[in-house]
Amino acid sequence: MPLFMDVHDGFFGVSQQDVEAAHRKDLAIEAGEGVHFKQWWGDPGTGKVFCLAEGPSKEAVLRVHEKAGHPTEQIYELSLSGD
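Quick caveat: nothing in here was measured; it's all calculated off a predicted structure. The written sequence of each chain sets the order in which its residues are numbered from 1. For a predicted model such as this one, the threshold for reporting local features is a pLDDT of at least 70, and the threshold for listing and counting side-chain atom pairs is 80 or more; totals across whole chains, interfaces and linings nevertheless cover every residue. The side-chain numbers reported here are obtained from all heavy atoms of the structure, hydrogens and water having been left aside.

**Student:** I'd like a description of the overall build of the protein chain, backed by residues and values.
**Tutor:** Helix and strand labels come from DSSP, where a helix needs a run of H or I of at least four residues and a strand needs a run of E of at least two; each type is numbered from the N terminus. Of regular secondary structure, the protein chain possesses two helices and four strands. Listing each helix as α and each strand as β along the protein chain from the N terminus yields β-α-β-β-α-β. Only the C-alpha atoms count toward the radius of gyration. The rule for a globule is 2.2 Å times the residue count to the power 0.38. Its C-alpha atoms give the protein chain a radius of gyration of 12 Å, within 12% of the compact-globule value 12 Å for 83 residues. Relative accessibility under 20% of the residue-type maximum defines a buried residue, over 50% an exposed one, and the middle range a partly exposed one, all with a 1.4 Å probe and only protein chains included. Counting every position in the protein chain, which comprises 83 residues, the buried fraction comes to 35%. Expressed as a percentage of contacts within the protein chain between residues at least 6 apart in sequence, the contacts between residues at least 24 apart total 68%. Computed with the Shrake-Rupley method and a 1.4 Å probe, the accessible areas treat only the protein chains shown as cover for residues. A total of about 4,900 Å² of accessible surface is found on the protein chain, and carbon and sulfur atoms cover 54% of it. Throughout, a contact is declared for two residues whenever any of their heavy atoms are within 4.5 Å.

**Student:** Summarise the environment of glycine 34; cite the residues concerned and give the values.
**Tutor:** Tracing the sequence through the fold places glycine 34 in the loop between α1 (16–29) and β2 (36–43). The spatial distance from the C-alpha of glycine 34 to the C-alpha of proline 56 is 6.6 Å, given a sequence separation of 22 residues. Those residues in contact with glycine 34, other than ones at most four positions away along the chain, are Met1, Glu54, Gly55 and Pro56.

**Student:** Account for the packing of α1 against helix α2 (residues 58–68), with residues named and values stated.
**Tutor:** All axes are obtained by fitting lines to C-alpha atoms, using only the stretch in contact for helices, and the reported angles, taken between N-to-C directions, cover 0 to 180 degrees. Taken N-terminus to C-terminus, the directions of α1 and α2 make an angle of 120°; their axes are 9 Å apart at the nearest point. Taken together, α1 and α2 sit at an angle that is classed as oblique. You can see that α1 and α2 cross each other, and the crossing is right-handed. Note on element contacts: α2 touches α1 through Val64, His65, Lys67 and Ala68, opposite Lys25, Asp26 and Ile29. Residues are grouped as follows: Ala, Val, Leu, Ile, Met, Phe, Trp, Tyr, Cys and Pro are nonpolar; Asp, Glu, Lys and Arg are charged; every other residue, Gly included, is polar. A class-by-class count of the residues in the contact of α1 with α2 yields three nonpolar, one polar and three charged. We call two directions roughly parallel when the angle between them is under 35 degrees, roughly antiparallel when it is over 145, roughly perpendicular when it lies between 65 and 115, and oblique otherwise. A crossing counts as left-handed when the near helix is turned anticlockwise from the far one by less than a right angle, and as right-handed when that turn is clockwise.

Okay, structure coming up:
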């Protein structure tokens, strides 16, 4: 299954709990699109949150984020990886 990294902007000053709450919204509905969000990272100073997901398509990842209330157009398929 393809991997995707997405980037959310505007999360300035968020706490661990804030991002975990947003992540739980994704987890609650991800199965409907055949997506699984594996991990997230955030930087409250820059307002960026990054999500790693696997799923059938970029569009499926986008739909989950839209339904969860935090859409982003910055979704990238990760076709290469390494240690």
